[in-house]
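# Coordinate analysis (summary)
The residues making up each chain are set out below.
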Amino acid sequence: MVPGAESERRTRPGTSTGSGRELRLVAGDSYASWEAVYRDNAAWVYALMFGKVGNKPDAEDLTAEVFMAALKPLRITASAPEVRAYLRATARTVLAAHWKARMGREITAIEGDIADDPPAELPDSGAEGRAAAVLAELPDRYRSILELRFLQGLSVKEAAQRLGVTVANAKVLQHRALRMASRLNERGVR
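For clarity, every value in this text was computed on a predicted model and none was experimentally measured. (Residues numbered from 1 in each chain as written. Predicted model: local features only at pLDDT ≥ 70, side-chain atom pairs only at ≥ 80, totals over all residues. Heavy atoms only, no water.)

### Considering the pattern of salt bridges
Summed over all chains, the structure comprises three salt bridges. Ionic pairing is found between Arg 39 and Glu 35, a salt bridge with its closest N-O pair at 2.3 Å. In this pair, Arg 39 and Glu 35 both sit in helix H1 (residues 34-53), four residues apart, roughly one turn of the helix. The partly exposed category is assigned to Glu 35, whose relative accessible area is 32%. Residues Asp 40 and Arg 84 are paired through a salt bridge, measuring 3.6 Å at the closest nitrogen-oxygen approach. Residue Asp 40 is found in helix H1, and its partner Arg 84 is found in helix H3 (residues 80-103); the two are separated by 44 residues along the sequence. (Salt bridge = Lys/Arg side-chain N within 4 Å of Asp/Glu carboxyl O. Helix = DSSP H or I, 4+ residues; strand = E, 2+ residues; numbered from the N terminus. Buried < 20%, exposed > 50% of the residue type's maximum accessible area, 1.4 Å probe, protein only.)

Next up, the structure:
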């Protein structure tokens, strides 16, 4: 807790709900600081983003974008419900921009409303295990290019330098590796 931020959201002892979440009291129904806004809302914004994009890195990036976009126009004196409503609207805008950049078309409607109480834990889809199994089955060069590009986040040029190949060769390796990985995944490699 930030020293001196006495009106920051506080947990009241003995006010636990059945879901394991604790009820919190907001003094004056507003937040004391931007840190309090972030702490109270980051989990549900991340859960929404993860549910829409399906992967942790994009969900983390989009969550950060939501808070960065909301930082300047959002008033700290706004009530907690107003802050949540503004963050919901900002999340919709950030998601629409994300899908426009990814799919090349604007998606302006996001199905369903965003729940105030997201699930405490996100279910394990098993994707990490499947990805590890598929990577283990790939030839070394294919596995290396995919690890460099998608797990380490290197550019094609950087991955090519690490592998000691040309950029064009790295692109071909990546394409072939993705195609083989797709076939292995379809066959259900475990």
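### Things to note about the confidence of the model for the chain
This prediction gives the chain a mean pLDDT of 76; 73% of its residues lie at or above 70. By mean pLDDT, strand E1 (residues 10-16) is the weakest element of the chain at 40, and helix H6 (residues 156-163) is the strongest at 92. Confidence drops under pLDDT 50 across residues 1-27; counting only partners more than four residues distant or on other chains, this segment forms 36 contacts. (pLDDT = per-residue confidence, 0-100. Contact = heavy atoms within 4.5 Å.)

### Details of the packing of H1 against H3
Helix-helix packing is characterised by the crossing angle of the two axes and by the distance between the axes. Taken N-terminus to C-terminus, the directions of H1 and H3 make an angle of 35 degrees; their axes are 11 Å apart at the nearest point. Every pair of crossing elements has a handedness; the one defined by H1 and H3 is right-handed. Two secondary-structure elements touch here, H1 through Val 37, Asp 40, Asn 41, Trp 44, Leu 48, Met 49, Lys 52 and Val 53 and H3 through Val 83, Arg 84, Leu 87, Arg 88, Ala 91, Val 94, Leu 95, His 98 and Trp 99. The residue inventory of the contact of H1 with H3, partitioned by class, reads 11 nonpolar, two polar and four charged. (Axes fitted to C-alpha atoms, helices over the stretch in contact; angles between N-to-C directions. Left-handed = near helix turned anticlockwise from the far one by under 90°. Nonpolar A, V, L, I, M, F, W, Y, C, P; charged D, E, K, R; others polar.)

### Notes on the nonpolar core
Grouped together as the largest cluster of nonpolar side chains are 23 residues, with contacts concentrated most on Met 49, Val 66, Val 83 and Leu 87. Core analysis: the second largest hydrophobic core is formed by 18 residues, Leu 138, Leu 148, Val 165 and Ala 170 among them. (Core = buried A, V, L, I, M, F, W, Y, C linked by side-chain atoms within 4.5 Å.)

### Overview of H1
The axis of H1 is deflected most strongly, by about 45 degrees, at Asn 41. Within the span of H1, buried status applies to Ala 36, Val 37, Asp 40, Asn 41, Ala 42, Trp 44, Val 45, Tyr 46, Ala 47, Leu 48, Met 49 and Val 53. (Bend = angle between axes of the 7 residues up to and from the residue.)

### A closer look at the packing of aromatic side chains
Applying the stated criterion across every chain, the model contains two aromatic pairs. With a centroid separation of 4.9 Å and 65 degrees between ring planes, the pair formed by Tyr 38 and Phe 67 is classed as edge-to-face. Of this pair, Tyr 38 sits in helix H1 while Phe 67 sits in helix H2 (residues 56-71), and the two are 29 residues apart along the sequence. Sitting above the plane of the Trp 44 ring, Arg 88 keeps its charged end 5.6 Å from the centroid. Just above the ring of Phe 150 sits the side chain of Arg 149; from NZ or CZ to the centre is 5.5 Å. (Phe/Tyr/Trp six-rings, centres within 6.5 Å; stacked < 30°, edge-to-face > 60°. Lys NZ or Arg CZ within 6 Å of the ring centre and 35° of its normal.)

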